[in-house]
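# Structure at a glance
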Amino acid sequence: MSTLAPETVGLADLLDPELYATGDPYPTWRWMRDHDPVHRHEATEYPAFWSVTRYDDIRGVYNDARVFSSAEGILLRPLVHGDDPGGGRTLALTDPPRHKALRSLVAEWFTTRSVRALEEAMRGAVRQVVARATALGECDFLTDVAARLPLYVICRLMGVPEHEQEMLFTLTSKAFGAGDPEVRSVAHQEIMAYFVELMYRRMDRPEDDLVSALVNGEVDGELLDEQDILLNCDNLLVGGTENIRLAVSGGMAAFLDHPADWERLRADRSLMPTAVEEVLRWTSSATHIMRTVTEPVTLHGRTLEAGDRVVLWTPSANRDERHFTDPDDFDIARRPNRHMALGAGEHFCLGAMMTRTEMRILFGELLDSVRHIERTGPAVPLRSIVVNGLESLPVRMTAL
């Protein structure tokens, strides 16, 4: 096995956000899968970590929550930022048994029955979104279409009143989609301030929603404290909006690059389930997920010590030639397609069914109501090592 670092063979720096905005990380991941599937990165402004790039290895890490812990953070953070404040407190940043206990507080809102009960409301919301976008003519598909349905759904589940949803939409558009880090930070702080208010409202008057469930839920016989409630509200908001927004906009960009596939889907809706899975695989919205080693373990001949950080590059797993045939081809009829865009193991996405349903309804309504979609400018990728997707996708949409 080669131990050459990627930079010695002229490959890209995976910690450079500019790579994702203007470059192509896939050749680097391909080289690492072939030559150095467990690669050591020494500390820079980020802590030292191991890169894992092969599908089977990444699934193995996901499936072993005992050795590979989520509790110390799931994203690389610059050393100056310190530890993740959600560590050990949120759905995403806990291990069993606490993770299971937290998940049980909110799981009923994401069951098959709950998702089906929401479908008609989703269709109505999508029709309004698409009608608004076609009336505009030219729009940003990401903010005017892809971002609106998931926010509507998560707001409804969290009990955000209808008259406050547009304000939250504006804030989330800035917090998740703005290019300026300061704009993102300020918007995120305003979102958290909003959930402080909503949390206190639900303490006084509980309702049938996710925030009330967190306010009144118990873990190990104790109510969650206020910081735990707020961090989990943030976790649910991000999880319920970010993946779908990036997957749908990235999927539409792929369809615009492959217009014959869009028309094929229009003609044969039986392809919708496999098309949705391929969009998820193709977009792989989480660029990386991190785990922390709890005890020494050997992987591909490398000894990982307790406390070591392990970074799983999800898009690399979903393009691994060892697992997918022609992985660099966009194939809406791909079978099988056991991608990891929604995670695996204990942390498999709680809202996976909701995600798939929202995507199916949104793409279906676009096919039913829109005659033609064309780019009016270049797609702008996000400058981020955390999420894989677009900052904007300018299009013109013509109604049927």
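Summarised in this report is the structure supplied together with it. Numbering of residues starts from 1 in every chain and runs along the sequence as written. Residue-level local features of this predicted model are given only where pLDDT is at least 70; pairs of side-chain atoms are given and counted only at 80 or more, and the full residue set underlies all totals for whole chains, interfaces and linings. The side-chain quantities take in all heavy atoms of the structure and omit both hydrogens and water.

### What to know about the packing of aromatic side chains
How we decide: The pairing test for Phe, Tyr and Trp rings, Trp by its six-membered ring, is centres within 6.5 Å, and the orientation test on the planes gives stacked under 30 degrees, edge-to-face over 60, and tilted for anything in between. Only runs of H or I of at least four residues qualify as helices and only runs of E of at least two qualify as strands under DSSP, and these elements are numbered from the N terminus. Under the scheme applied here, a residue whose accessible area is under 20% of the maximum for its type counts as buried, over 50% as exposed, and between as partly exposed, the area being computed with a 1.4 Å probe on protein chains only.
For the structure shown, the criterion picks out 10 aromatic pairs. With centroids separated by 5.4 Å and ring planes inclined at 85°, the aromatic side chains of Phe255 and Phe330 adopt a geometry described as edge-to-face. One end of the pair, Phe255, is in helix 11 (residues 226–257); the other, Phe330, is in the loop between helix 14 (314–317) and helix 15 (352–369), with 75 residues separating them in the sequence. Phe330 shares its class with Phe255; the two are buried. Aromatic side chains Trp262 and Phe363 sit 6.2 Å apart centroid to centroid with 70° between the ring planes, which places their arrangement in the edge-to-face category.

### Topic: the pattern of salt bridges
Stated precisely, the cut-off is as follows: Criterion for a salt bridge: a side-chain nitrogen of Lys or Arg within 4 Å of a carboxyl oxygen of Asp or Glu.
Taken as a whole and judged by the stated rule, the model has 34 salt bridges. Asp144 is paired through a salt bridge with Arg132; the nearest N and O atoms lie 3.4 Å apart. Here Arg132 lies in helix 5 (residues 112–136) and Asp144 lies in helix 6 (residues 141–146), a separation of 12 residues in the sequence. Classification of Asp144 by relative accessible area gives buried; the value is 13%. Residue class for Arg132 comes out partly exposed when judged on its relative accessible area of 37%. The closest approach of N and O atoms between Glu321 and Arg322, which form a salt bridge, is 3.8 Å. The exposure class assigned to Glu321 is partly exposed, which follows from its relative accessible area of 36%. Residue classification places Arg322 among the partly exposed positions, given a relative accessible area of 43%. When salt bridges that share partners are traced, they join Arg30, Arg33, Asp34, Arg319, Asp320, Glu321, Arg322 and Asp328 into one network.

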